[in-house]
Amino acid sequence: MKITVIGGGPGGLYTALLTKKARPDWEVEIFERNQADDTFGFGVVFSDETLDEFLSRDKPVFDRIKDEFAYWDDVAVHFKGQEMRCAGNGFCGTSRHTLLRILQDRCIELGVKMEFGAEIDPAQLNTQFADSDVIVAGDGINSAIRDHHKEAFQPSTTWKSNRFCWMGSTRPMGEFNYFFRETEHGQMVAHCYQYEKDHSTWVFEMDEATWQGHGFEEFDEEGSKAKLEEIFAEELMGHPLLLNRSNWRNFPRIFCENWYTDNIVILGDAKASAHFSIGSGTKLAMECAIALADALLEHAETDVQTAFKAYDDARRTPCQIIQHNADVSLAWFEHMNRSWDMDPFQFAMVVMCRAKSITYDNLIVRDPEFVRKADDEWYARHLAETGEDLTKTRPTPMFSKFKLRDMELMNRVVMSPMAQYSCDGDGVPNDWHKVHYVSHAQGGTGMIYTEMTCPSADARITTGCPGMWNDEQEAAWKSIVDMIHTTSVAKVTMQIGHAGRKGSTQLGWEKMDHPIADEGANWPLVSASPIPWFDGISQTPAELDRAGMDRIKADFVQATERAARAGFDMIELHCAHGYLMASFLSPLTNLRTDNYGGSVENRLRFPLEVFAAMRAVWPAERPMAVRVSGTDWKDGGLTEADLISIAEAFRDAGCDLIDVSAGQTVPDQQPVYGRMFQAHLAEAVRNVPKIATMAVGAITEAAQVNTILHTRRADLVAIGRPHMWNPYFTHQAAAWYGAINREAWPKQYESGAIQAFREAEKNREKMLELQRKAKPGRHSHNG
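Residues numbered from 1 in each chain as written. Predicted model: local features only at pLDDT ≥ 70, side-chain atom pairs only at ≥ 80, totals over all residues. Heavy atoms only, no water.

I would appreciate a short explanation of the packing of aromatic side chains in the present structure.
Where two aromatic rings form a pair, the distance of their centres and the angle of their planes describe that pair. If you walk through the whole model with that rule in mind, you get 41 aromatic pairs. Look at Phe-79 and Phe-347: their rings are 3.7 Å apart centre to centre, the planes differ by 5 degrees, and that puts the pair in the stacked class. Of this pair, Phe-79 sits in strand S5 (residues 75-79) while Phe-347 sits in helix H13 (residues 344-353), and the two are 268 residues apart along the sequence. Both residues of the pair, Phe-79 and Phe-347, belong to the buried class. Between Phe-204 and Phe-232 the ring centres are 5.2 Å apart and the planes differ by 50 degrees, which places this aromatic pair in the tilted class. Of this pair, Phe-204 sits in strand S13 (residues 199-206) while Phe-232 sits in the loop between helix H9 (221-231) and helix H10 (233-236); the two residues are 28 residues apart in sequence, bridging distant segments of the chain. (Phe/Tyr/Trp six-rings, centres within 6.5 Å; stacked < 30°, edge-to-face > 60°. Helix = DSSP H or I, 4+ residues; strand = E, 2+ residues; numbered from the N terminus. Buried < 20%, exposed > 50% of the residue type's maximum accessible area, 1.4 Å probe, protein only.)

Just checking my understanding: could you explain the environment of Met-407 for this structure?
Turning to its location among the elements, Met-407 is positioned in strand S19 (residues 407-409). Look at Met-407 and you get buried, because its relative accessible area is 5%. The residues contacting Met-407, other than those within four sequence positions of it, are Phe-402, Met-447, Lys-491, Asp-569, Met-570, Glu-621 and Pro-623. (Contact = heavy atoms within 4.5 Å.)

Which parts of the structure should I look at to understand the environment of Asp-361?
Looking at the secondary structure, you find Asp-361 in helix H14 (residues 360-366). Using a relative accessible area of 19% as the deciding quantity, one classes Asp-361 as buried. As a C-alpha pair, Asp-361 and Asn-706 span 345 residues in sequence and 8.5 Å in three-dimensional space. Aside from chain neighbours lying at most four places away, what touches Asp-361 is Ala-703, Trp-736 and Tyr-737. At 3.2 Å, the side chain of Asp-361 and the side chain of Trp-736 are in polar contact. (Polar contact = N/O pair within 3.5 Å; in protein donor to acceptor, adjacent residues only side chain to side chain.)

Which parts of the structure should I look at to understand the sheet that holds strand S7 (residues 91-95)?
What holds strands together in a sheet is hydrogen bonding between their backbones, with the strands either parallel or antiparallel. Ordered by their spatial adjacency, three strands build an open sheet running S3-S7-S4, and the pairing between neighbours is antiparallel. The sheet is open, and its two edges are formed by strand S3 (43-47) and strand S4 (70-72), each paired on a single side. Within the sheet, the average angular offset between the axes of one strand and its neighbour, ignoring direction, is 25 degrees. Relative to S7, S3 runs antiparallel, the two being bridged by five bridges. If you follow Val-45 over to S7, its bridge partner there is Gly-93. Packed onto the sheet, helix H4 (residues 96-110) meets S3 and S7 and runs at close to 80 degrees relative to S7. (Pairing = 2+ DSSP bridges. Axes fitted to C-alpha atoms, helices over the stretch in contact; angles between N-to-C directions.)

Please clarify how the sheet that holds strand S28 (residues 693-696) should be interpreted in this entry.
With parallel pairing, eight strands are arranged side by side around a closed barrel as S20-S21-S22-S25-S26-S27-S28-S29. Taking the axes of each pair of neighbouring strands and ignoring which way they run, one obtains an average angle of 25 degrees across the sheet. The sheet contact formed by S28 and strand S29 (residues 716-719) spans three bridges and is parallel. Among the inter-strand pairings, Met-694 is bridged to a residue of S29, identified as Leu-716.

How should I be thinking about the pattern of salt bridges in this particular structure?
Pairing is possible between side chains of opposite charge, provided their charged atoms come close. According to the stated counting rule, one finds 53 salt bridges in the structure shown. Among the salt bridges present, the one from Glu-229 reaches Lys-225, with a minimum N-O distance of 3.1 Å. Taken as a pair, Glu-229 and Lys-225 lie in helix H9 at a separation of four residues, close to a single helical turn. The partly exposed category is assigned to Glu-229, whose relative accessible area is 21%. Accessibility expressed as a relative area gives 17% for Lys-225, which makes it buried. Note that Asp-482 and Lys-478 form a salt bridge whose closest N and O atoms lie 2.8 Å from each other. Of the two residues, Asp-482 and Lys-478 are both situated in helix H17 (residues 471-487); the distance of four residues between them amounts to about one turn of the helix. Given a relative accessible area of 34%, Asp-482 falls into the partly exposed group. Where salt bridges share partners, they join Lys-21, Asp-58, Arg-64, Arg-106 and Glu-109 into one cluster. (Salt bridge = Lys/Arg side-chain N within 4 Å of Asp/Glu carboxyl O.)

How should empty space enclosed by the protein be read in this particular structure?
In this approach the atoms are scanned with a rolling probe the size of a water molecule, which exposes any empty space left behind. Summed over the entire model, instances satisfying the criterion amount to four cavities of 30 Å³ or more. Of the pockets and cavities examined, the largest cavity occupies roughly 70 Å³. Looking at the largest cavity, the residues that line it are Arg-501, Gly-503, Ser-504, Thr-505, Asp-513, Pro-515, Asn-522, Leu-525, Ser-538 and Gln-539. (1 Å grid on protein atoms, 1.4 Å probe; cavity = no way out; pocket = protein on both sides within 12 Å on 5 of 7 lines; lining within 4 Å. Points joined across faces, edges and corners; volume = space filled by probe spheres on them.)

Got a minute to help me understand the confidence of the model for the protein in this structure?
Low-pLDDT portions of the prediction should not be read for the details of their coordinates. Taken as a whole, the protein shows an average pLDDT of 94; of its residues, 98% reach a score of 70 or greater. Note that pLDDT drops below 50 for residues 775-783; the model gives that stretch 40 contacts with residues more than four away or on any other chain. (pLDDT = per-residue confidence, 0-100.)

What is the right way to look at helix H18 (residues 546-566) in this model?
Helical periodicity: at 3.6 residues per turn, an α-helix aligns residues three or four positions apart in one direction. Its 21 residues give H18 an end-to-end C-alpha distance of 30 Å, which sits within 8% of 30 Å, the value for a rise of 1.5 Å per residue. Trailing H18 by a residue or two, Gly-567 shows a phi angle of about 95 degrees, which is positive. (Expected span 1.5 Å × (residues − 1).)

Here it is as structure tokens:
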């Protein structure tokens, strides 16, 4: 068996080393275009977990590497003249040159053939290496092999907006430092860590406007060095910056749909790049190298394609998770100016939690003193803004009050609208709805949302959807609202929406989004434009004309009046998820050429007309919300600029809260799922136009709620599916944090509350003790 590795980076070297060690009879060779002692950049970062992997795979490499590492525990955020330290992060760095040397030496010991200064023509791979069974393309972020075989690998490259460059310094440091600087041309940051004695890496990053404003475009490396030494003189403490191909660049976000073709398999940055801000690029390459070596050793002699598939199966999901975390972290640095008005510890919390993989509870375990100081700052700010003093009870942000107009919520947790599809065809809420909503109100949540409720029979998604167009429906809803108000502290919001082209479909547990099976039971549909949901399957909706707009607006007005009489505390206009109002907002579903199509201002026109008519009849002391899709998860759809324009327009029309969801606009959407995967959309609305905002989407833990609130991603947090199986989510969280509020528990359940708090305190102490005893250094600085 012959393995040829193109590219002598850490991933390529480690793949060669592991395969040759396990199979000395295989011929393994490496071709690298640079010389053996060439290296670019300065340091690399690893977690203890990766070092453990080194130990289990090759002890000689581990023994040599561990003595070369600089270890540190703290992350220090320097902002507005203050230093905020967070301990318990446990990671380490070493010189990239040292890492390559150790891997090269070990390859030589094992008999790997290595040739440096070798220029490989990707068009000649099959000729030059005709006798190779496997060719590993590890030729870096600018991979010529990947580009030559782009039809097979299907790479996509997105150039990110921030400018950055790598430099070094002789300044020693015992922690990872983020130095944030305000300059006359904008904000910038230096990401810094020591990688060997008296040497540290400095990565400078800023947006295009700041870079242009300082004239870096006109500077060579020496000129940039001098300018940065001037700006960061205080941080450098008299030490110089060092250069090593320290050119300014933009980060290329690379992802390949396919990882192999014929006998060529792709590895490292050539296949997927992870932004430097989470320190996982080399880690990603090494872990993929381990998986590739394992797959080759198990399958290659039998079938190379099977080996490649095993490698893909093992690493694709972990790779995508790391890349997603890196993307989220990168996006925060692109918009760090949005957090610049924050107080120092809130800003530091955002830095620590920016990629969403670290939560409030994680930080409590890592450094309770850091969290205590951040909480102190949060409570002081909350007291100044609202008059509520939480400095003694310290219940965490999720158990602080929140007010919209005259409606005051006891806490920041909201039960999301969740379709029940349980009406009997008449749109009247029944016993199921009463049990569902009232029982969840006993669970301690600050506010309960109804499922989307329709203002007319032809506005429904399914025959099981509730309505608000007749007296019987109004009376049923009033009964539910009255019981919630009498038995709990929860407020109640009715979400009102029209299904548009997504109407007249089967129940959610049948063939979702497909027309009702009994063709005679379907009703005519309308939308912004005559585009069916499923081509050839769904009904083509009629394009809504002026008369239709007036009729539907009147339907929404009467539903609003009924909701007011039924006692709802707030109403929300549903302008998301591809329903009628959303079909006007999205350029994917609004192809009109009249005053209701085209620009975002025109696309907003009809939803704003409906909102204004509702606001006019809704009591002035009660708030109104709007749910929007922050993105369509589809090229050509809603942009962040659209989202901000939409939010501002509704705010100016009298909207009190923007509920930011995403997607479900078109069936071929391509969402990027993950924990709190839509929170960045709420964060944009909260921090740019600074409108009260609610976050929703894959929020499953109380720790995530507190993270979102602490870092100003939203003011309220809506939780859906977890409430389906745990109506007492909020009570459980209150017990965990020791946030005692007797008003939130029904008197009938007081003895249960006492036990819940007692048991939670015991469990919390046990868990914290176990975590303290766990091996340190399992963390990274990736936020």
